[in-house]
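# Structural overview for review
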Amino acid sequence: MSELITPKEYTPVISSLETQRAIKKIKDYFQQELAYGLNLRRVSAPLFVDPKTGLNDNLSGIERRVNFTLKGLDEREVEIVQSLAKWKRMALGKYGIKPGHGIYTDMNAIRRDEELDNLHSVYVDQWDWEKVITKDQRNTEYLHETVTTIYNAIKNLGDYVNRLYRDLQTEIPNEIYFITTQELEDLYPNKTDKEREDLICQAHGAVFIEKIGGVLKSGQKHDDRSPDYDDWELNGDIILWNDVLEKAFEVSSMGIRVDAEAMDRQLTLAGADDRRTQSFHQAILNDELPYSIGGGIGQSRLCMFFLRKAHIGEVQASVWSDKMINDCKKHNIFLL
């Protein structure tokens, strides 16, 4: 368990019951903004997948996935999804989605190896989205355009919550600031990756940190990314400054997805060539799936941020240690 942050003199602005009402309003409002801005249609998504397909997200490659067997399928093993990054791209091809259009879905996952703290739970809920693009749109300009559209939806959500609850006023900048991981390392060469995120977010309020996954000049990575969905040169995280916790607060990870060339290169760099035989990877390497851009946006994260909560357990029901529950209660943080 990571260190718990307990803001001084913290008191929830709205009650737990009113929080439940607010969560519904926030989720309804934001998914409409997202779907309209990116031209997305809602679809149903799986809770578990067959591991042999390679569709499950490997995240950084070290997290253990939750698996179980199914009696009705001769005890065949399936895995709870960790995200839908790969499944969505397969779905675009299956549904015959055309360039300029896409899909979004509610993604629920279990991440059993998560370090539990104010921001992290074993239960993950996010909007997963994916959009078909053309080969010519696989560039930084289109990535930035899409990030700006998503950020505008977040900004509109903030204005909506501020109108609903006059005692809940959260201001974020009108524009998001773009910086690469290498530029960030050059700016703060003697800081850790998380310290850099805190410093740049405190300075600008809202930041898109791009080009995550590759090795920097220092020989270190800013953060790990699986080699088989995002193109490490065309991806990034949307991060806001959280003035309740006084730290950087990631709300979205996204990117333009790998083409055959990027997949081939990144699998080798990551030492993951064994994945090449899986059906998803074969489809990419053989140019059988559409080019796409996509990502995930944390549902509980957005609720927590705009409802000015100190702990993600105030906006979602999950499991926590007795120590965390008791420590939170002592500081007016009441977990659902």
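Everything discussed here concerns the structure shown above.
Right, let's walk through the structure included here. Predicted model, so just to flag it, every value in this text is computed and none were measured.

The rules we used
- Residues numbered from 1 in each chain as written.
- Predicted model: local features only at pLDDT ≥ 70, side-chain atom pairs only at ≥ 80, totals over all residues.
- Heavy atoms only, no water.
- 1 Å grid on protein atoms, 1.4 Å probe; cavity = no way out; pocket = protein on both sides within 12 Å on 5 of 7 lines; lining within 4 Å.
- Points joined across faces, edges and corners; volume = space filled by probe spheres on them.
- Helix = DSSP H or I, 4+ residues; strand = E, 2+ residues; numbered from the N terminus.
- Nonpolar A, V, L, I, M, F, W, Y, C, P; charged D, E, K, R; others polar.
- Salt bridge = Lys/Arg side-chain N within 4 Å of Asp/Glu carboxyl O.
- Buried < 20%, exposed > 50% of the residue type's maximum accessible area, 1.4 Å probe, protein only.
- Phe/Tyr/Trp six-rings, centres within 6.5 Å; stacked < 30°, edge-to-face > 60°.
- Lys NZ or Arg CZ within 6 Å of the ring centre and 35° of its normal.
- Contact = heavy atoms within 4.5 Å.
- Core = buried A, V, L, I, M, F, W, Y, C linked by side-chain atoms within 4.5 Å.
- Pairing = 2+ DSSP bridges.
- Axes fitted to C-alpha atoms, helices over the stretch in contact; angles between N-to-C directions.
- Left-handed = near helix turned anticlockwise from the far one by under 90°.

The computed volume of the second largest pocket comes to approximately 220 Å³. Along its surface, the second largest pocket is lined by Thr180, Thr181, Gln182, Lys211, Gly214, Val215, Leu216, Trp232, Glu233, Arg265, Gln266 and Leu269. Considering each element in turn, the lining of the second largest pocket owes the most residues, three residues, to helix α6 (residues 260-269). By residue class, the composition of the lining of the second largest pocket is four nonpolar, five polar and three charged.

Turning our eyes to something else, we now look at the pattern of salt bridges. Across all of its chains, the model carries 26 salt bridges by this definition. Between aspartate 106 and arginine 42 there is a salt bridge, and its shortest N-O distance comes to 2.7 Å. Of this pair, aspartate 106 sits in strand β5 (residues 102-110) while arginine 42 is found in strand β1 (residues 40-42), placing the two residues 64 residues apart along the sequence. Taking the relative accessible area as the measure of exposure, arginine 42 reaches 43% and is therefore partly exposed. The closest approach of N and O atoms between arginine 265 and aspartate 231, which form a salt bridge, is 3.9 Å. Here the residue arginine 265 occupies a position in helix α6, and aspartate 231 occupies one in strand β9 (residues 230-242), the gap between them amounting to 34 residues. A network of salt bridges, in which partner residues are shared, links Lys88, Asp128, Glu130, Asp230 and Arg257.

Taken as a whole and judged by the stated rule, the model has six aromatic pairs. Centre to centre, the rings of phenylalanine 30 and tryptophan 127 are 5.0 Å apart; their planes meet at 45 degrees, and the pair counts as tilted. With a gap of 97 residues between them, phenylalanine 30 in helix α1 (residues 16-38) and tryptophan 127 in strand β6 (residues 123-132) connect regions that are remote in the sequence. Centroid distance phenylalanine 305 to phenylalanine 306: 5.0 Å. Interplanar angle 90 degrees. Geometry classified as edge-to-face. Both residues of the pair, phenylalanine 305 and phenylalanine 306, belong to the buried class. Within the aromatic cluster, the residues linked to one another by ring pairs are Phe249, Phe305 and Phe306. It is arginine 301 that lies over the ring of phenylalanine 249; its NZ or CZ is 5.5 Å from the centre.

The next thing to look at is helix α8 (residues 299-306). Taking burial as the measure, the eight residues of α8 include eight buried ones, the bulk of the element. Buried within α8 are the following residues: Gln299, Ser300, Arg301, Leu302, Cys303, Met304, Phe305 and Phe306. Just beyond α8, the residue with positive phi is arginine 308, at close to 55 degrees.

It is worth spelling out the environment of valine 49 at this point. Within the secondary structure layout, valine 49 lies in strand β2 (residues 48-49). We classify valine 49 as buried; its relative accessible area is 8%. If we skip the residues at most four places from it in the chain, valine 49 touches Asn56, Val78, Glu79 and Val81.

The phi dihedral of aspartate 74 is positive, around 55 degrees, even though this residue is not glycine. Along the chain, the position of aspartate 74 falls in the loop between β3 (67-70) and β4 (76-80). With a phi angle near 60 degrees, glutamate 75 is a residue other than glycine that sits in the positive phi range. Within the secondary structure, glutamate 75 is located in the loop between β3 and β4. Of the residues examined, glutamate 75 reaches a relative accessible area of 45% and is grouped as partly exposed.

This part is about the nonpolar core. As a rule of thumb, nonpolar side chains are buried together in soluble globular proteins. Grouped together as the largest cluster of nonpolar side chains are 60 residues, with contacts concentrated most on Ile154 and Leu307. No other element matches the 10 residues that helix α3 (residues 140-164) contributes to this core. If you look at the next biggest cluster of nonpolar residues, it comprises 22 residues, including Leu55, Ile103, Val258 and Ala272.

Of all seven residues making up strand β11 (residues 292-298), seven are buried, and the element is well covered by its neighbours. Of the two faces of β11, the one holding Ser292, Gly294, Gly296 and Gly298 and the one holding Ile293, Gly295 and Ile297 are both buried throughout. Here strand β10 (residues 247-257) runs beside β11; their pairing, made up of five bridges, is antiparallel. Looking across to β11, one finds that serine 253 is bridged to glycine 296.

Glancing now at the sheet that holds β11. Across the sheet, eight strands lie side by side as β1-β5-β6-β11-β10-β9-β8-β7; this open sheet has mixed pairing. Looking at strand neighbours, the two that pair on one side only are β1 and β7 (177-180), the edges of this open sheet. Put simply, the sheet's adjacent strands are angled 25 degrees from each other on average, direction ignored. Here α8 sits on the sheet and contacts β5, β6, β9, β10 and β11; the angle it forms with β11, its principal contact strand, is near 50 degrees.

Put simply, α1 and α8 touch, their axes get as near as 10 Å, and they point 120 degrees apart. The two elements α1 and α8 meet at a crossing, and its hand is right-handed. Packed against α1, whose contacting residues are Ile23, Ile26, Lys27 and Phe30, the element α8 presents Gln299, Leu302 and Cys303 at the interface. Taken together, the residues that form the contact of α1 with α8 break down as five nonpolar, one polar and one charged.

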